Amino acid sequence: MVKWRKYKRTIGQLIILILCFIPCASFTSAVEPEHQTHARMITGADWVKALNVPTPQDIKRMKIPYEIKGVYMTGWSAGGEKFNSIVDLLEHSDLNAVVIDVKEDKGDITYRSDIPLVHEIHSDHTRYISDIDRVLETLHEKNIYTIARVVCFKDPYMAGAKQEWSMQKKEGGVWKDRKGVMWVDPYRKEQWDYNLSVAIEAAKKGFDEIQLDYVRFPENGKKVDAEVAFYQAGTKSKAENIRDFIRYVKQNLSPYPVFLTADVFGLVPSVNDDMGIGQKWELITPEVDYIAPMMYPSHYAKHTYGIAIPDAHPYEIIKGGIADAQKKDKALQAQGIKTAIIRPWFQDFTASYLPKGEWIPYTAKEVLAQVKAAEELGVTQFMLWDPKNNFSKEAWLQ
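All figures in this text were calculated on a predicted structure; none of them were measured in a lab. (Residues numbered from 1 in each chain as written. Predicted model: local features only at pLDDT ≥ 70, side-chain atom pairs only at ≥ 80, totals over all residues. Heavy atoms only, no water.)

**Some points on the overall build of the protein**
Put simply, the rule is: The way it works is that DSSP assigns letters per residue, a run of H or I at least four long becomes a helix, a run of E at least two long becomes a strand, and they are numbered from the N terminus. Each residue is assigned to one of three classes by its accessible area relative to the maximum for its type, calculated with a 1.4 Å probe on protein chains only: buried under 20%, partly exposed between the two thresholds, exposed over 50%. In this description, accessible areas are obtained by the Shrake-Rupley approach with a 1.4 Å probe, and a residue is regarded as covered only by the protein chains that are shown.
Of regular secondary structure, the protein possesses 14 helices and 9 strands. For the protein, the proportion of its 398 residues judged to be buried stands at 52%. Of the roughly 18,700 Å² of accessible surface on the protein, a fraction of 55% belongs to carbon and sulfur atoms.

In structure tokens:
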């Protein structure tokens, strides 16, 4: 049975709608001038105006907080056969949200876009999702909260199409990471505006939230710094640049009824520096509504939190990471600084790519262990990551 709380946002909207259209024939308008000598029949519209009640159009576009228990959906899944099975899982469980790629890791826009720069470089050439408006309509009809994932600075498509915006080697030419992937330069304002345009288009289409991923510089920061000549890098630090980009997106999304999330490395809450990638918890959390540390146990180094094989201890890893995040938040709040709601990413995949003996199969047991660890610390929102979108249904379907 689907839980009642999944529908509380819709119930609240319906109550407001009912208030808007209560028959008012027997009442004299509270907004009539005092010198009026005769009463008139007032309408629902009068009460909407007098009581400052939102119209149905206002309600449709309200920013309504939602307690998220979500899953990740690639463009292929959103536009393909897996869409219905994922929606069915959400309809019959406590899960209630989807994070959908609108701009993914290769730099592809996953739907037909109206953004001029997208047309110029043809970054929507694949169009995994043939009808994104219909996808959103279906999800909202089923009261599923929708989050648009925008991969920011890992954008090999743009880096190839506009090589002057890519990260440049000090000796000349386009820089590539150890996997041969080109990145755009996070200091380039042009790339800020491009990512913002994707976020705004997603907001206009009706997504409830925008999620910024790869909102960082490449890892192995010291090595990268030795090889790359960043564009106007001397003006601010990496961490300040990332903060300013997120702030820029936030400010320009203010006309739209969407929340903003930033994904960060799982260790960001536990370290004091920016790890060489420009992600510093203290600078990012005041700028967003939600902050999403990617706390996949398989991604932690051996002996993190004193645990020899982190992947084999999901409960302990999540407990340690969230406790560190809450400690940082408490210090910021003591200074009067606003902090975002913590909504972590949890692992729902088996990290069999790790060396033998450093990973275990992930099943419903390991997924629920992460959820339990977070809940014990008061963190009740989360998102599940599996790049193949094969989620552990046994954890949710009773």
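Having seen the model, we can carry on.
**Quick look at the pairing of strand β2 (residues 97-103)**
Rules: Only strands joined by at least two bridges in the DSSP assignment are considered to pair.
With 7 of 7 residues buried, β2 is to be regarded as a mostly interior element. Bridging between strand β1 (residues 69-73) and β2 involves 4 bridges; their strand directions are parallel. Along β2, the bridge assignment pairs Y72 with V99. Pairing geometry for β2 and strand β3 (residues 145-151), over 6 bridges, is parallel.

**Quick look at the confidence of the model for the protein**
For clarity, the threshold we go by: Along the chain, pLDDT gives the predictor's confidence residue by residue, from 0 to 100. The contact criterion used throughout is that any non-hydrogen atoms of two residues lie within 4.5 Å.
Averaged over the protein, the pLDDT score is 89; the fraction of residues at 70 or greater is 85%. Taken as a whole, residues 1-5 scores under 50 in pLDDT and shows 8 contacts with residues more than four places along the chain or in a different chain. Every residue in residues 15-40 is under pLDDT 50, and counting partners more than four places away or in other chains gives 24 contacts.

**What about the side chain of T74?**
Along the chain, T74 falls in the loop between β1 and α4 (75-78). If sequence neighbours within four positions are ignored, T74 has contacts with D101, P387 and N389.

**Some words on helix α11 (residues 238-253)**
To keep it simple, the criterion reads: Multiplying 1.5 Å by the helix residue count minus one yields the expected span of that helix.
In this model α11 runs 23 Å from its N-terminal to its C-terminal C-alpha over 16 residues, within 8% of the 22 Å that 1.5 Å per residue would give. Every buried residue of α11 is accounted for by K238, A239, N241, I242, R243, D244, F245, I246, Y248, V249 and L253. Contacts from the buried residues of α11 go to α9 (189-205), β4 (209-213), α10 (221-227), β5 (259-265) and α12 (281-284).

**A closer look at the nonpolar core**
Counted only if it meets this: To form a nonpolar core, buried Ala, Val, Leu, Ile, Met, Phe, Trp, Tyr and Cys residues must be joined to one another through side-chain atoms within 4.5 Å.
With 95 residues, the main nonpolar core has I210, L212 and I246 as its most contacted residues. If we ignore the near neighbours within four places in the chain, the residues touching I210 are A148, V150, A199, A202, A203, L253, V258, F259, L260 and T261. Counting 18 residues, the second-largest nonpolar core is a separate cluster that includes Y72, F259, W345 and F349.

**Some remarks on the environment of L368**
Mapping L368 onto the fold places it in helix α14 (residues 364-376). We classify L368 as partly exposed; its relative accessible area is 35%. Taking C-alpha positions, L368 is 9.6 Å from F346, a pair spaced 22 residues apart along the chain. L368 has contacts with A395 and W396, leaving out every residue within four places of it along the chain.

**Some remarks on the packing of aromatic side chains**
Rules: Pairing of aromatic rings covers Phe, Tyr and Trp, the last through its six-membered ring, and needs centres within 6.5 Å; plane angles under 30 degrees mean stacked, over 60 mean edge-to-face, and all others mean tilted.
According to the stated counting rule, one finds 16 aromatic pairs in the structure shown. With a centroid separation of 4.0 Å and an interplanar angle of 15°, the aromatic rings of Y72 and W385 are classed as stacked. With Y72 in strand β1 and W385 in strand β9 (residues 382-385), this pair connects stretches of sequence that are 313 residues apart. Under the relative-accessibility criterion, Y72 is labelled buried at 4%.

**Things to note about unusual backbone geometry**
Look at Y214: it is not a glycine, yet its phi comes out positive at around 45°. Checked against the element boundaries, Y214 lands in the loop between β4 and α10. Here M275, not a glycine, exhibits a phi torsion of approximately 60°, which is positive. Mapped onto the secondary structure, M275 falls in the loop between β5 and α12.

**Regarding the pattern of salt bridges**
Let me state the cut-off plainly: Only one rule defines a salt bridge in this text: a Lys or Arg side-chain nitrogen within 4 Å of an Asp or Glu carboxyl oxygen.
In the structure shown here, the tally under the stated rule is 25 salt bridges. In this structure, D289 engages K250 in a salt bridge whose closest nitrogen and oxygen atoms are separated by 2.8 Å. Of the two residues, D289 is situated in the loop between α12 and β6 (290-294) and K250 in helix α11; the sequence distance between them amounts to 39 residues. In the salt-bridge network here, residues are joined through shared partners; they are D101, D105, R149 and D213.

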